[in-house]
Amino acid sequence: MNNNESYVFGVDLGGTSIKMGLFTDSGELVEKWAVPTDRSDNGANILGDIAKSVKSKARENNLDKEMIKGLGIGVPGPVLDNGKVLGCVNLGWDVINIEKELSKLTGYKVKSGNDANVAALGELWHGAGIGYKNLVMVTLGTGVGGGIILNHKIVYGSHGAGGEIGHAIININETESCSCGNKGCLEQYCSATGIVRRANKVLAESDKESVLRNTEVDAKAVMDAARDGDELACEVLHFVAARLGRFLANIAAVIDPQIFLIGGGVSKAGDILIDTVRNYYREFAFKFSKDTAFKPAKLGNDAGIYGGAMLIIKG
């Protein structure tokens, strides 16, 4: 280690594991690791586990406290810009000021944000968002997440819910409930779960031949089949892409980002998904926003730790 350099920790707190990284204060990743998320006792041990792990890593690398500029963390729930977390259902947390509590445990300066927003910040500085200052990142996984960065800054919102695009209502006639309790959310149609739901519905209602009838239906299988020209899979792809493209056209009318980044497990489908979404976006977008760029996110599971580090480095 260079004793003349300062270092930061980036932390991505998930429901299953806590991913962590040690970075130089210029943003270079030195080392990354992960520990399990202990959700027992309503997550009472989580912050202590994080503190224990980063302090141990600092000792391993002979880093004095004065050499650590701070720790940035992404949290799976609404976070205000003062560090107050308004609850994390999948961790068992109620209201907590994570910056104050984690700072007490580590002795480091702590900054926090919603995990999707923090991941978007990571992509802005070291991923597919390099060179941009205004972007929207969409993560298509089990659910749909979003991160909004304007002028290099996270949009937290008044209630810590900035970027919760997965829970925007796009179908007022939906009868099934979303995980959030509302009905007709974007997440119900454009997540991996939503893609499978739609594929199974089309399979049940159609007699068309499809490779999907002979395999376990998951989002990857649907996208792979669509890439190969399977008619039924293409129907599902266009159903999903039309809704996401139209929704992002509405987002652009409000935010007007320079670029949309598409991440999450579903984004591994690549061009077949992103190009189809972009085509629908261009159909619906305000004429001055039609040429907004679309790219796949680049950092994958490391986006959150990079974003956490950037919370400290960029202040």
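Residues numbered from 1 in each chain as written. Predicted model: local features only at pLDDT ≥ 70, side-chain atom pairs only at ≥ 80, totals over all residues. Heavy atoms only, no water.

Engineer: Sorry, what's going on with the pairing of strand 9 (residues 144-150) here?
Structural biologist: Looking along a regular strand, one sees side chains alternate from face to face of the sheet. Extensive coverage of strand 9 is indicated by the burial of six of its seven residues. Both strand 8 (residues 135-140) and strand 9 contribute to a ladder of six bridges, which runs antiparallel. In the sheet register, M137 faces strand 9, and the bridge partner there is G147. Taking the residues between adjacent antiparallel strands as the criterion, strand 8 and strand 9 are bridged by three residues. Counted between consecutive antiparallel strands, the loop separating strand 9 from strand 10 (residues 153-154) contains two residues, among which N151 sits at a positive phi close to 50°. (Buried < 20%, exposed > 50% of the residue type's maximum accessible area, 1.4 Å probe, protein only. Helix = DSSP H or I, 4+ residues; strand = E, 2+ residues; numbered from the N terminus. Pairing = 2+ DSSP bridges.)

Engineer: What is the right way to read helix 2 (residues 46-60) from this model?
Structural biologist: For an α-helix, the turn length of 3.6 residues means that residues three or four places apart are oriented alike. With 15 residues, helix 2 extends 21 Å between its outermost C-alpha atoms, agreeing within 8% with the 21 Å of an ideal straight helix rising 1.5 Å per residue. Listing the buried residues of helix 2 in full gives I46, L47, I50, A51, S53, V54, K57 and A58. Seen from one end, helix 2 has its buried residues packed into an arc of 165°, which puts them on one side. Seen from the buried face of helix 2, the exposed residues on the opposite side, beyond 90 degrees, are K52, R59 and E60. Phi turns positive, to about 55°, at N62, one or two residues after helix 2. (Expected span 1.5 Å × (residues − 1). Arc of directions from axis to C-beta.)

Engineer: Explain the packing of aromatic side chains to me, please; I cannot follow it from the model alone.
Structural biologist: The geometry of an aromatic ring pair comes down to the distance between the two centres and the angle between the two planes. Counted under the stated rule, the structure contains eight aromatic pairs. Measuring from ring centre to ring centre gives 6.3 Å for F9 and W33, while their planes differ by 90°; the resulting arrangement is edge-to-face. Taken together, the residues F9 in strand 1 (residues 7-13) and W33 in strand 3 (residues 29-36) connect sequence positions 24 residues apart. We note that F9, like W33, is buried. Every member of this aromatic cluster is reached through a ring pair, and the members are F9, W33 and Y108. Here the guanidinium or amino end of R243 rests over the ring plane of F239, the centre of that ring lying 3.6 Å away. Over the ring of W125 we find K314, and its NZ or CZ is 4.3 Å from the ring centre. (Phe/Tyr/Trp six-rings, centres within 6.5 Å; stacked < 30°, edge-to-face > 60°. Lys NZ or Arg CZ within 6 Å of the ring centre and 35° of its normal.)

Engineer: Would you mind showing me how to read the sheet that holds strand 12 (residues 293-296) here?
Structural biologist: Whether parallel or antiparallel, the strands of a sheet pair through hydrogen bonds between backbone atoms. The strand order 10-9-8-11-12 describes an open sheet built from five strands, whose pairing is mixed. Two strands lie at the open edges of the sheet, namely strand 10 and strand 12, each paired on one side alone. Summarising the sheet, strand 8 and strand 11 (residues 259-263) pair through five bridges and their orientation is parallel. The residue bridging L135 from the neighbouring strand is I259, located in strand 11.

Engineer: How should the pairing of strand 2 (residues 17-24) be read in this particular structure?
Structural biologist: Burial analysis of strand 2 places six of its eight residues in the buried class, which makes it a mostly covered element. Note that strand 1 and strand 2 share seven bridges and pair antiparallel. Looking across to strand 2, one finds that Y7 is bridged to T24. In textbook terms, the turn of a hairpin is the stretch between consecutive antiparallel strands, and for strand 1 and strand 2 this stretch comprises three residues. Examined bridge by bridge, strand 2 and strand 3 share seven bridges and lie antiparallel to one another.

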